[in-house]
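# Structural overview for review
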Amino acid sequence: MSKYIFNLPDIGEGIAEAEIVKWHIKIGDVVAEDDQIADVMTDKATVEMEAPVSGKIIGLAGEEGDIIAIGSMLVEIEVEGEVDADQLEDLETSSAVPNEAGQVEIDVLPSTQVIDKNENSSEIPAGPVVRKESEEPAEDPTSPDAMPAENDRQKPLATPAVRKRAADLGVDLSQVKAQGEHIRHSDLDAYLNYGSGQGYRPAGTVQKRDDEVIKVIGMRRKIAQNMAESKRNIPHFSYVDEIDMTELEDMRADLNANRGDRPKLTMLPLMIVAICKSLPQFSMLNAIYDDEAGIVTRHGAVHLGMATQTGQGLMVPVLRDAQEMNVWQLASEISRLAAAARDGTATAKELSGSTLTLTSLGPLGGIATTPVINRPEVAIIGPNKIVERPMIIDGEIEARKLMNLSISCDHRVVDGYDAASYVQALKHFLETPVLLFAD
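Note that the structure is predicted; figures quoted are calculated from it, not measured.

Procedures and definitions
- Residues numbered from 1 in each chain as written.
- Predicted model: local features only at pLDDT ≥ 70, side-chain atom pairs only at ≥ 80, totals over all residues.
- Heavy atoms only, no water.
- Helix = DSSP H or I, 4+ residues; strand = E, 2+ residues; numbered from the N terminus.
- Expected span 1.5 Å × (residues − 1).
- Buried < 20%, exposed > 50% of the residue type's maximum accessible area, 1.4 Å probe, protein only.
- Axes fitted to C-alpha atoms, helices over the stretch in contact; angles between N-to-C directions.
- Parallel < 35°, antiparallel > 145°, perpendicular 65-115°, else oblique.
- Left-handed = near helix turned anticlockwise from the far one by under 90°.
- Contact = heavy atoms within 4.5 Å.
- Phe/Tyr/Trp six-rings, centres within 6.5 Å; stacked < 30°, edge-to-face > 60°.
- Lys NZ or Arg CZ within 6 Å of the ring centre and 35° of its normal.

The next point concerns helix H6 (residues 267-278). Spanning 12 residues, H6 covers 17 Å between terminal C-alpha atoms, matching the ideal 16 Å at 1.5 Å per step. With 10 of 12 residues buried, H6 is to be regarded as a mostly interior element. All of the buried residues in H6 are Met-267, Pro-269, Leu-270, Met-271, Ile-272, Val-273, Ala-274, Ile-275, Cys-276 and Ser-278.

What follows is the structure, encoded as structure tokens:
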């Protein structure tokens with residue numbers, strides 16, 4: 001028997017550490033070579049780790065959510081016999097290469113050490129190996145041994161239907177007073193409405209749920225860190241204005257009615273064209289700020305981040321050179337990037353390098369938002385829900401399709417006057433949609 005120390009490799013991104021987001025094995029499991037054993041996360045990519053040898057798992061480098069250094073032990077495997085020198089050399093010279101989806105698939109892992117089981121344990125490299133020592137568990141007061149015997153308690157009489165309803169509602173039937181020999185639905189109703197000691201409770205109240213304790217790991221941890229960094233370092237201010245979208249909505253309907261085999265247009269492609277056309281005079285908004293170096297870079301190209309909700313949380317795929325695309329190209333690229341973000345196939349390049357971000361909640365957009373800037377950018381634009389409301393035009397009341405548009409800016413780089421002026425320029429394009437297609 002030998003102990004096989006399986007170290008976290010350098011996965012080719014120049015990183016110093018990675019987070020364990022999921023274990024596929026536990027101590028005591030027997031794995032075969034190439035079995036998936038763990039998922040680790042870098043800044044952008046989730047990396048699948050595979051076992052380089054067959055054996056029994058006898059040590060893990062921490063729990064899900066822990067951060068471990070490149071080159072430190074990931075797992076310890078007990079293997080049969082010895083690993084020959086040729087195999088060890090192959091392991092040490094292997095490297096990890098990202099696949100087309102931007103994920104890294106590890107076939108064999110470098111920096112691996114094999115230690116004879118009979119050698120002193122002090123020769124095993126130091127690392128956060130988890131050892132589960134058996135402990136005598138404290139007695140659970142709700143366990144059968146701690147509960148009184150069943151015949152020591154008087155079980156309330158009730159029909160199975162009443163028992164099921166009480167269980168669904170979380171009601172202890174021993175607290176319910178029966179008008180007869182058996183507890184009936186009417187007795188349960190009376191308890192719920194008046195006799196629970198909590199005042200009046202209307203029938204149909206929602207059953208109390210247990211508290212949940214959820215460890216913040218993986219993508220949710222990255223989102224939390226990024227948002228905290230943004231709010232901690234950037235003095236935000238927000239500006240909101242109302243925009244009449246009636247003409248633009250009418251144009252969108254006409255374009256969709258005559259689109260042929262082209263993709264159906266939402267409002268976003270048209271809005272992006274308006275954003276790109278109004279930006280050249282306000283280059284301070286299409287910028288990133290390196291606050292440590294004290295340098296602002298104003299970009300000529302618009303690499304627009306699209307805040308996208310996924311099952312793992314908010315991701316920001318990037319529309320590169322959005323200023324060079326027409327509305328149909330934008331519609332196709334928005335759809336492709338959103339799908340890639342949601343199914344986890346977006347590459348690291350597609351999730352980085354934005355110079356300005358657009359965030360929209362679509363029909364859930366509300367009256368106004370104060371979006372958080374995607375650091376190191378200096379501005380983020382948030383269109384809200386379009387609603388039909390009365391508006392006075394030339395003394396007459398008309399029904400118009402109105403939308404509030406929000407913008408948040410970094411006050412170290414962008415003045416309030418500039419933000420307001422930019423929104424007015426953007427408003428002009430949106431309220432005069434023919435300008436979107438003029439040179």
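So much for the structure itself; the text now carries on.
How two helices pack is summed up by the angle between their axes together with the distance between the axes. The interhelical angle for the contact between H6 and helix H8 (residues 416-431), taken along N-to-C directions, is 130°, at an axis separation of 9 Å. Comparing the axis directions of H6 and H8 gives the class oblique. When you trace H6 past H8, the crossing you get is right-handed. From H6, Met-271, Ala-274, Ile-275, Lys-277 and Ser-278 reach across to H8, where they touch Tyr-422, Ala-425, Leu-426, Phe-429 and Leu-430.

This part takes up the packing of aromatic side chains. A complete count under the given rule lists one aromatic pair for this structure. Residues Phe-282 and Tyr-422 carry aromatic rings whose centres are separated by 5.6 Å and whose planes lie at 75° to one another, so their mutual orientation is edge-to-face. Of this pair, Phe-282 sits in the loop between H6 and strand S13 (287-290) while Tyr-422 sits in helix H8, and the two are 140 residues apart along the sequence. Residues Phe-282 and Tyr-422 agree in their burial class; the two are buried. For the cation-ring pair, Arg-262 lies above Trp-328, with the distance from its terminal atom to the ring centre recorded as 4.2 Å.

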